[in-house]
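Chain by chain, the residues run as shown.
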Amino acid sequence: MMIELSDVTKSFAGPWYRGGTEVQALDRINLSVDENTALGVVGLNGAGKSTLIRILLGYARPSSGEARISGLPAREYVERHGIGYVPERLTIPRQRTVRDALRACAALDGGGSSRRHQVDAVIDRFGLTSLADRRVGTLSKGNLQRVGIAQAILGDRQLLVLDEPTDGLDPVWVAELRGILTEWRAGAAGRTLILASHNLTEVARLTDRVLLLHNGRIRDDFASREVEPDLESHFLDRVRALEEGRV
């Protein structure tokens, strides 16, 4: 089992948080994700998607319950093995060139000249050759997003977590991203993808399984093939029913 969440609850409280009112972002989440799975996570704003990702990344600890990755507590797994991650808002140093930013990422794993060749290959695969010597701060949103995804894939991790990866990408590069992620998953046994997005069409295309979060709870869990290509209709029907208290 790659990911195992057992009764995970996460609450935020304190005088600095919404006037001291306790907010329960996740409520008794039980989730198992096998290796070699692509899991989509969908839900309205505030459903708990970002909190779930932060717990998997080890940035936050559950208020109660347990989150484990490959048998280790999530934070310990990240410290030992790392996770490829593209956040919703990228923070790459603006003064670095694209090439230097990717080389700095690759250097974290060592590997010397072999890593340099890998950087060159990733620059080519992501269509960044003409931008390689440009400073990150001069890039458009879409080009910056490509750099962020390239940086996550460079780490050669077993787990890749993408938060709104298509944000800013034009239709050509949305399609290219599908191919890149298919290649990444096929590149080594057991690679696992977690994809959180409001782009429901791409969630259905890129994943094997979809999780619907609503008010911090898992309210649906189904195979992508059951709703492709119309995940949007399924999502809207389900959310309306939840909002109206019909389920």
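Our subject is the structure listed above.
The following paragraphs examine the structure supplied in this document. Note that the coordinates shown come from a computational prediction; the quantities given were computed from them, not determined experimentally.

### Looking at the sheet that holds strand S5 (residues 72-73)
Read from one edge to the other, the open sheet built from four strands follows the order S2-S1-S4-S5, with strand pairing classed as antiparallel. Each of the sheet's edge strands pairs with one partner strand only, and the pair in question is strand S2 (23-33) and S5. In this structure, strand S4 (residues 64-69) lies alongside S5, joined through two bridges in antiparallel fashion. Looking at the pairing, isoleucine 69 lines up with leucine 72 of S5.

### So, the pairing of S4
The pairing of strand S1 (residues 3-12) with S4 spans five bridges and is antiparallel. Across the sheet, residue threonine 9 finds its bridge partner in S4, namely serine 64. Hairpin connection, S4 to S5: the antiparallel pair is bridged by two residues, and serine 70 has positive phi, about 50 degrees.

### Let's talk about the layout of surface pockets
Of the voids in this model, the largest pocket is the one considered here, and its volume is about 510 Å³. Looking at the largest pocket, it is lined by 23 residues, and the ones nearest its centre are Ile83, Tyr85, Cys105, Leu108 and Gln151. Listing elements by their share of the lining of the largest pocket, those giving two or more residues are strand S6 (84-86), helix H3 (98-107) and helix H5 (141-154). Residue composition of the lining of the largest pocket, by class: 14 nonpolar, six polar and three charged.

### A few points about H5
With 14 residues, H5 extends 20 Å between its outermost C-alpha atoms, agreeing within 8% with the 20 Å of an ideal straight helix rising 1.5 Å per residue. Looking one or two residues beyond H5, the residue adopting positive phi is aspartate 156, at roughly 55 degrees.

### Considering the packing of H3 against H5
How two helices pack is summed up by the angle between their axes together with the distance between the axes. Between H3 and H5, whose axes approach to 9 Å, the crossing angle comes to 25 degrees. Considering the angle they form, H3 stands roughly parallel to H5. Viewed along their axes, H3 and H5 form a crossing whose handedness is right-handed. Residues Val98, Ala101, Leu102, Cys105 and Ala106 of H3 form the contact with H5, whose own contacting residues are Val147, Ala150, Gln151 and Leu154. Residue classes in the contact of H3 with H5 are distributed as eight nonpolar, one polar and no charged.

### Describing the environment of glutamine 24
One can find glutamine 24 in strand S2. The class for glutamine 24 is partly exposed, based on a relative accessible area of 39%. Residues within four places of glutamine 24 in sequence aside, it is in contact with Thr9, Lys10 and Ser11. A polar contact is formed between the side chain of glutamine 24 and the side chain of aspartate 27, at a distance of 3.1 Å.

### Description of the pattern of salt bridges
Taken as a whole and assessed by the stated rule, the structure comprises 15 salt bridges. Of the charged contacts in the structure, one is a salt bridge between lysine 141 and aspartate 167, with a shortest N-O distance of 3.1 Å. Taken as a pair, lysine 141 in helix H5 and aspartate 167 in the loop between strand S7 (159-163) and helix H6 (171-186) lie far apart in primary sequence, 26 residues in all. Relative accessible area serves as the criterion here: at 31%, aspartate 167 is assigned to the partly exposed category. Where arginine 205 meets glutamate 202, a salt bridge forms, and the shortest distance between an N and an O atom there is 3.0 Å.

Cut-offs used in this document
Here, residues in each chain are numbered from 1, in the same order as that chain's written sequence. Confidence filtering applies because this is a predicted model: local features only for residues at pLDDT of at least 70, side-chain atom pairs given and counted only at 80 or more, and all residues used for totals across whole chains, interfaces and linings. The side-chain quantities take in all heavy atoms of the structure and omit both hydrogens and water. Two strands form a pair only when DSSP identifies at least two bridges running between them. Counting from the N terminus, the helices are the DSSP runs of H or I reaching at least four residues and the strands are the DSSP runs of E reaching at least two. Site definitions follow a grid-based scheme: protein atoms alone, a 1 Å grid, a 1.4 Å probe that fits but cannot get out for cavities, and for pockets an open set with protein on both sides within 12 Å along at least five of seven lines, plus lining residues having an atom within 4 Å of a point. Grid points are joined across faces, edges and corners, and a volume is the space filled by probe spheres set on the points. Three categories are distinguished: nonpolar for Ala, Val, Leu, Ile, Met, Phe, Trp, Tyr, Cys and Pro, charged for Asp, Glu, Lys and Arg, and polar for the others, with Gly belonging to the last. What a helix is expected to span follows from its residue count: subtract one and scale by 1.5 Å. Whenever a helix is involved, its axis is fitted only over the stretch in contact; in every case the axis is a line through C-alpha atoms, and angles between N-to-C directions fall within 0 to 180 degrees. Convention used here: angles under 35 degrees read as roughly parallel, angles over 145 as roughly antiparallel, angles from 65 to 115 as roughly perpendicular, and any remaining angle as oblique. Two helices cross in a left-handed way if the nearer one is turned anticlockwise from the farther one by less than a right angle. They cross in a right-handed way if the turn is clockwise. Contacts are residue-level and defined by heavy atoms, with any inter-residue pair within 4.5 Å sufficient. Categorising residues by exposure relies on relative accessible area from a 1.4 Å probe, with only protein chains included: less than 20% of the type maximum marks a residue as buried, more than 50% marks it as exposed, and the intermediate range marks it as partly exposed. For this analysis, a polar contact is any N or O atom pair within 3.5 Å, provided that within protein one partner can donate a hydrogen and the other can accept it, and provided that sequence-adjacent residues contribute only side-chain to side-chain pairs. In what follows, salt bridge is the name for a side-chain nitrogen of Lys or Arg lying within 4 Å of a carboxyl oxygen of Asp or Glu.

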